[in-house]
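A look at the structure
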Amino acid sequence: MDIFDVLSAISKRRNTLMNRGITEHKALLKAERVVSKEYHIPLPDIQKLVGDEIKPRSL
């Protein structure tokens, strides 16, 4: 499994969660945790791959 497979899995999981009504920020955090457990990759490594966290927009 390479970096692109991991990022693709996170993106797919995030999109699924967003379609269920979860905000983008929360969906990304949850997707990172799920993929971390699923692929047995430490969460800090997943967060490094994804980059900076998405900051929620101020309205």
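Whatever comes next refers back to the structure up there.
So, here is what we can say about the structure in this document. All values derive from a computational prediction rather than experimental measurement. (Residues numbered from 1 in each chain as written. Predicted model: local features only at pLDDT ≥ 70, side-chain atom pairs only at ≥ 80, totals over all residues. Heavy atoms only, no water.)

To continue, consider the overall build of the chain. When you go through the chain residue by residue, the secondary structure sums to 3 helices and 0 strands. Each helix and strand of the chain, placed in order from N terminus to C terminus, yields the pattern α-α-α. Taken over 59 residues, the chain has a buried fraction of 20%. In the chain, of all internal contacts separated by at least 6 residues, the share reaching a separation of at least 24 is 47%. When the accessible area of the chain is evaluated, it comes to approximately 4600 Å², of which 53% is carbon and sulfur surface. (Helix = DSSP H or I, 4+ residues; strand = E, 2+ residues; numbered from the N terminus. Buried < 20%, exposed > 50% of the residue type's maximum accessible area, 1.4 Å probe, protein only. Contact = heavy atoms within 4.5 Å. Areas by Shrake-Rupley, 256 points an atom, 1.4 Å probe, with all protein chains shown as cover.)

All right, on to the packing of helix α2 (residues 24-39) against helix α3 (residues 43-50) then. What describes two packed helices is the angle between their axes and the distance between those same axes. Following both chains from N to C, one finds α2 and α3 inclined at 130°, their axes separated by 9 Å at the closest point. The pairing of α2 with α3 is recorded here as oblique in orientation. Here α2 runs over α3; the crossing is right-handed. Contacts between α2 and α3 involve L28, E32, R33, V35 and S36 on the former and, on the latter, L43, I46, Q47 and V50. (Axes fitted to C-alpha atoms, helices over the stretch in contact; angles between N-to-C directions. Parallel < 35°, antiparallel > 145°, perpendicular 65-115°, else oblique. Left-handed = near helix turned anticlockwise from the far one by under 90°.)

Turning next to the pattern of salt bridges. Here the idea is simple: oppositely charged side chains can pair when their charged atoms come close. Per the counting criterion, the structure on display carries 1 salt bridge. In this structure, the salt-bridge partner of R13 is E38, at a minimum N-O distance of 3.1 Å. Taken as a pair, R13 in helix α1 (residues 3-19) and E38 in helix α2 lie far apart in primary sequence, 25 residues in all. Exposure remark for R13: the relative accessible area of 34% places this residue in the partly exposed category. (Salt bridge = Lys/Arg side-chain N within 4 Å of Asp/Glu carboxyl O.)

With 7 residues, the main nonpolar core is built from V6, A9, I10, L28, A31, V35 and I46. Contributions of two or more residues to this core are made by α1 and α2. Excluding residues within four positions of it along the chain, V35 makes contact with V6, A9, I10, H40 and I46. (Core = buried A, V, L, I, M, F, W, Y, C linked by side-chain atoms within 4.5 Å.)

Right, let's talk about α2 for a bit. Between its terminal C-alpha atoms α2 stretches 22 Å, which fits the 22 Å expected from 16 residues at 1.5 Å a residue. Those residues of α2 lying buried are H25, A27, L28, A31, E32, V35 and S36. Down the axis of α2, the smallest arc covering the buried residues is 165°, so these residues share one side. In α2, the exposed positions that point more than 90 degrees away from the buried face belong to K26 and K37. For α2, the elements touching its buried residues are α1 and α3. Just downstream of α2 lies H40, where phi reads positive at about 55°. (Expected span 1.5 Å × (residues − 1). Arc of directions from axis to C-beta.)

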